[in-house]
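Given next are the chains, with one letter for each unit.
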Amino acid sequence: AGGPPGTESGDEGGTIIGTGKTQLGPVIAATVEVSDVFFPTEIRCTTETLDSDDRAIAGNFLLPAGCGEAEGLYVVKVSGGYDIDADDNGELDAEPTQVLGSFHAIISGQQVIVEEGTEQRLEDEPVWRVTAMSEALFQSVQQLLITGASKEDIQQFLDQLTPLLL
């Protein structure tokens, strides 16, 4: 596909459906995988976060068309990469800090799909973010999945818990 990391669309000329951002610092050059919340080992799509000296777009990523459906519930897993503002002071660090683990977000299909004819770019404000807070929500949902919770149960749980965390 070519271009800087994070610009791949999965298939040449594919429609982009969502913009996200990894944010511990932000994190650049990280691997992004999307799977169904109920089938986490079945990866629907992958991409990489953007490597940039511009904090506004560093860590942003675009998901390719076909990565999600409106009625779905998805796990976005971000692994590796480099935190370019590890002390969160709003300035680029002299040396990036390697991220050794992964963190997650649970997003609805409605959050990733962009309406037909809408072009999203890496420079746009992200639709959603993968953060330490989204990881906390993900870990809570894992407990629900163990008990056999439905999509509706998980969505209701997230709708109730998210305002308390924000």
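Definitions and limits used
Residues numbered from 1 in each chain as written. Predicted model: local features only at pLDDT ≥ 70, side-chain atom pairs only at ≥ 80, totals over all residues. Heavy atoms only, no water. Pairing = 2+ DSSP bridges. Helix = DSSP H or I, 4+ residues; strand = E, 2+ residues; numbered from the N terminus. Core = buried A, V, L, I, M, F, W, Y, C linked by side-chain atoms within 4.5 Å. Buried < 20%, exposed > 50% of the residue type's maximum accessible area, 1.4 Å probe, protein only. Contact = heavy atoms within 4.5 Å. Salt bridge = Lys/Arg side-chain N within 4 Å of Asp/Glu carboxyl O. Disulfide = S-S within 2.5 Å.

Some details on the sheet that holds strand β8 (residues 97–98)
Read from one edge to the other, the open sheet built from 3 strands follows the order β2-β7-β8, with strand pairing classed as antiparallel. Both outer strands of the open sheet, β2 (27–28) and β8, are each paired with one neighbouring strand and no more. Where β2 lies against strand β7 (residues 82–83), 2 bridges are found, and the strand directions are antiparallel. Each bridged residue has a counterpart across the sheet, and for isoleucine 28 the counterpart in β7 is tyrosine 82.

Regarding the nonpolar core
In terms of nonpolar packing, the biggest core is built from 18 residues, with Val34, Phe61, Leu63, Val76, Val78, Trp128 and Val130 touching the most fellow members. Broken down by secondary-structure element, the contributors of at least two residues to this core are β3 (31–36), β5 (60–64), β6 (73–79), β9 (102–108) and β10 (128–130). Valine 76 has contacts with Val32, Glu33, Val34, Phe61, Phe103, His104, Ala105, Ile107, Trp128 and Val130, leaving out every residue within four places of it along the chain.

A few points about the environment of leucine 63
Within the element layout of this structure, leucine 63 appears in strand β5. Residue classification places leucine 63 among the buried positions, given a relative accessible area of 1%. Distance from leucine 63 to glutamate 48, taken between C-alpha atoms, is 9.3 Å for residues 15 residues apart in sequence.

Overview of the pattern of salt bridges
For the structure on display, the rule yields 2 salt bridges. Of the charged contacts in the structure, one is a salt bridge between glutamate 69 and arginine 44, with a shortest N-O distance of 3.8 Å. Of this pair, glutamate 69 sits in the loop between β5 and β6 while arginine 44 sits in strand β4 (residues 39–48), and the two are 25 residues apart along the sequence. We classify arginine 44 as partly exposed; its relative accessible area is 33%. We note a salt bridge from arginine 55 to aspartate 85, for which the minimum N-O separation is 2.9 Å. One end of the pair, arginine 55, is in the loop between β4 and β5; the other, aspartate 85, is in the loop between β7 and β8, with 30 residues separating them in the sequence.

Examining unusual backbone geometry
With phi around 55°, alanine 29 is a residue other than glycine that occupies positive phi space. The class for alanine 29 is partly exposed, based on a relative accessible area of 27%. Phi angles above zero are rare outside glycine, and aspartate 88 is one such case at about 50°. As for its placement among the helices and strands, aspartate 88 is situated in the loop between β7 and β8.

Describing the state of the cysteines
Scanning all chains against the criterion turns up 1 disulfide. The partner cysteine of cysteine 45 in its disulfide is cysteine 67, sulfur to sulfur 1.8 Å. Given an S-S torsion of about -45°, the disulfide between cysteine 45 and cysteine 67 has left-handed geometry. Residue cysteine 45 is located in strand β4, and its partner cysteine 67 is located in the loop between β5 and β6; the two are separated by 22 residues in the primary sequence. For cysteine 45, a relative accessible area of 10% translates into the label buried. In this structure cysteine 67 comes out as buried when scored by relative accessible area, which is 1%.

Comments concerning the pairing of β3
In the sheet, β3 pairs with β4 via 6 bridges, with the strands oriented antiparallel. By the bridge assignment, valine 32 is partnered in β4 with threonine 47. Between β3 and β4, which follow one another and run antiparallel, lie 2 residues. Inspection of the sheet shows β3 paired to β6 by 6 bridges, in the antiparallel sense. Each residue of the ladder has a partner; that of threonine 31, found in β6, is serine 79.

On their own, these measurements won't tell you what the molecule is for.
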